[in-house]
Amino acid sequence: MTREEEIKVKSVEAIKTRCENDFYAFVKMFWEYANPKPKYDDNWHIEVICRHLERVYHGDIREIIINVPPGTGKSRLISILFVAWCWLKDPSLCISCVSHGIPIINEFGHYILEVLRSPLYKAVQPNLKIPSNSAKTRILNGCGGEWFATTPHGPITGKHLDILMFDDLLEPINSDKKENEFVCSWLPNTYLSRMSDRNTARFVGVGQRIAEYDPAQWCINKGWYHLNLPARYAGGPQLRVLPNGDTMLLDPREVQGDNIFPARFPEADFLRLEKEEPYICAGQFQQTPGPD
């Protein structure tokens, strides 16, 4: 082995070790494959979500519902990069994601494949064998692991899953009362029963609030760990203690009204939205939906 080859191998090993132990570092390193545009803008909420997902992987948090505004990178973090990171650590995991429509789950599958097929990911996880004709709604990784995506109206029976995720089960423009009631019934009665092992299965939900009683509220009522990140800080707990005694940071903001992500939500635009669309702001941005 030449000196140059030795340096390259050591660099790959260093990257692999860092990424395996730190999902936040993995996100920053692989973001360009999961979301080529816009470029990565770092922000405190990304690290907060990453630290919580690490705890989900390790089983310290078994059920979590994450409410964040649209446009904050939630789907790239959770529905794409978290899948790739889990397979970096344990490629035998079977993971699913459910969202409101076929186009969005096809997009998730496309970008998961972009990450898995990137030269950097192949270097740090050479064991995966991804077929060239992988479907965008089902990916088999050659190591016993599977990623499967569907909608609440699509097939799910026969699946036995280790990590069950959902991402925006309701589309705001199509979330009438009938569809909301259907999804809130489908979630516990059909989807969440697809676990492979009741003692180790993990559940992750993410999205913005749509109605007073929506899938997120169902999870909250059932006692799921709630990571709530409104667009403007509204006070409330900033730390939470896990059953094992570890402390998790929920929100570092201290001043009422502080903007969650100024790089994505310029204050002038945000003020205009608050004035012109108060209902949208209350639900999708502040996570406090009002009645119809």
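Residues numbered from 1 in each chain as written. Predicted model: local features only at pLDDT ≥ 70, side-chain atom pairs only at ≥ 80, totals over all residues. Heavy atoms only, no water.

1. Things to note about the overall build of the chain
In step 1: Counting its regular elements, the chain contains 10 helices and 9 strands.
In step 2: Its C-alpha atoms give the chain a radius of gyration of 19 Å, within 12% of the compact-globule value 19 Å for 292 residues.
In step 3: Dimensions of the chain, computed from C-alpha atoms along their principal axes, come out at roughly 65 × 45 × 40 Å.
In step 4: Split into buried and exposed, the 292 residues of the chain put 49% on the buried side.
In step 5: Here the analysis covers contacts within the chain between residues at least 6 apart in sequence; of these, 73% occur between residues at least 24 apart.
In step 6: Roughly 13,700 Å² of accessible area belongs to the chain as shown, and the carbon and sulfur atoms make up 52% of that amount.
In step 7: When the 33 basic and 37 acidic side-chain charges of the chain are each reduced to a single mean position, those positions are 5 Å apart. (Helix = DSSP H or I, 4+ residues; strand = E, 2+ residues; numbered from the N terminus. Rg over C-alpha atoms; globule rule 2.2 N^0.38 Å. Buried < 20%, exposed > 50% of the residue type's maximum accessible area, 1.4 Å probe, protein only. Contact = heavy atoms within 4.5 Å. Areas by Shrake-Rupley, 256 points an atom, 1.4 Å probe, with all protein chains shown as cover. Lys, Arg positive; Asp, Glu negative; His and termini not counted. Charge placed at Lys NZ, Arg CZ, Asp CG, Glu CD.)

2. Structural notes on the environment of Lys-16
In step 1: The residue Lys-16 is located in helix 1 (residues 3-21) in this model.
In step 2: For Lys-16, a relative accessible area of 22% translates into the label partly exposed.
In step 3: Counting along the chain gives 241 residues from Lys-16 to Gly-257, while the straight-line C-alpha distance between them is 39 Å.

3. Section: the confidence of the model for the chain
Detailed reading of the predicted coordinates is not advisable wherever pLDDT is low.
In step 1: On average, residues of the chain score 89 in pLDDT, and 94% of them reach the 70 mark or higher.
In step 2: By mean pLDDT, helix 1 is the weakest element of the chain at 75, and helix 3 (residues 44-58) is the strongest at 97. (pLDDT = per-residue confidence, 0-100.)

4. With respect to unusual backbone geometry
Note on backbone geometry: most residues besides glycine have negative phi, and most peptide bonds are trans.
In step 1: One non-glycine residue, Asp-168, lies in positive phi territory at about 50 degrees.
In step 2: The topology assignment puts Asp-168 in the loop between strand 5 (163-167) and helix 7 (177-191).
In step 3: Judged by relative accessible area, Asp-168 falls into the buried class, the value being 14%.
In step 4: Look at Gln-287: it is not a glycine, yet its phi comes out positive at around 65 degrees.
In step 5: Along the polypeptide, Gln-287 turns up in the segment after helix 10 (278-285).
In step 6: According to the relative accessible area criterion, Gln-287 is buried, its value standing at 5%.

5. Focus: the packing of helix 2 (residues 23-34) against helix 5 (residues 102-116)
In step 1: Between helix 2 and helix 5, the shortest axis-to-axis distance is 8 Å and the interhelical angle comes to 125 degrees. As judged from the angle between their axes, helix 2 and helix 5 are oblique. Regarding helix 2 and helix 5, the two cross each other, and that crossing is right-handed. The segment helix 2 lies against helix 5, with Phe-30, Tyr-33 and Ala-34 engaging Tyr-111, Glu-114 and Val-115.
In step 2: Per-class residue counts for the contact of helix 2 with helix 5 are 5 nonpolar, no polar and 1 charged. (Axes fitted to C-alpha atoms, helices over the stretch in contact; angles between N-to-C directions. Parallel < 35°, antiparallel > 145°, perpendicular 65-115°, else oblique. Left-handed = near helix turned anticlockwise from the far one by under 90°. Nonpolar A, V, L, I, M, F, W, Y, C, P; charged D, E, K, R; others polar.)

6. Digging into the sheet that holds strand 7 (residues 225-228)
In step 1: Taken in spatial order, the 7 strands line up as 3-4-2-5-6-1-7 in an open sheet, and their pairing is mixed. Of all the strands in the sheet, the pair left with one neighbour each is strand 3 (138-140) and strand 7. On average, each strand axis in the sheet is inclined to that of its neighbour by 10 degrees, with strand direction left out of account.
In step 2: Examined bridge by bridge, strand 5 and strand 6 (residues 202-207) share 5 bridges and lie parallel to one another. If you follow Ile-163 over to strand 6, its bridge partner there is Arg-202.
In step 3: Against the sheet, helix 5 engages strand 2 (94-98), strand 3, strand 4 (146-150) and strand 5, with an angle of about 160 degrees to strand 4. (Pairing = 2+ DSSP bridges.)

7. What about the nonpolar core?
In step 1: Phe-26, Tyr-121 and Trp-147 are the most contacted members of the largest nonpolar core, which totals 65 residues.
In step 2: By size, the runner-up hydrophobic cluster in this structure holds 23 residues, among which are Ile-156, Phe-166, Trp-186 and Trp-224. (Core = buried A, V, L, I, M, F, W, Y, C linked by side-chain atoms within 4.5 Å.)

8. Remarks on the side chain of Ser-118
In step 1: Its location among the elements puts Ser-118 in the loop between helix 5 and helix 6 (119-124).
In step 2: Given a relative accessible area of 2%, Ser-118 falls into the buried group.
In step 3: In this structure the side chain of Ser-118 is engaged in a polar contact, spanning 2.7 Å, whose partner is the backbone oxygen of Val-115.
In step 4: With near-sequence residues (within four places) excluded, Ser-118 lies in contact with Phe-30 and Tyr-33. (Polar contact = N/O pair within 3.5 Å; in protein donor to acceptor, adjacent residues only side chain to side chain.)

9. Side note on helix 10
In step 1: Cys-281, Gly-283, Gln-284 and Phe-285 are the residues of helix 10 that are buried.
In step 2: Here the buried face of helix 10 lies against helix 9 (267-276).
In step 3: Immediately downstream of helix 10, the backbone of Gln-287 shows phi near 65 degrees, a positive value.

10. Overview of helix 3
In step 1: The terminal C-alpha atoms of helix 3, which comprises 15 residues, lie 22 Å apart, in line with the 21 Å expected from a rise of 1.5 Å per residue.
In step 2: Within helix 3, 11 of the 15 residues are buried, which leaves the element mostly enclosed by the surrounding structure.
In step 3: Looking one or two places after helix 3, you find Gly-59, whose phi comes out positive at around 85 degrees. (Expected span 1.5 Å × (residues − 1).)

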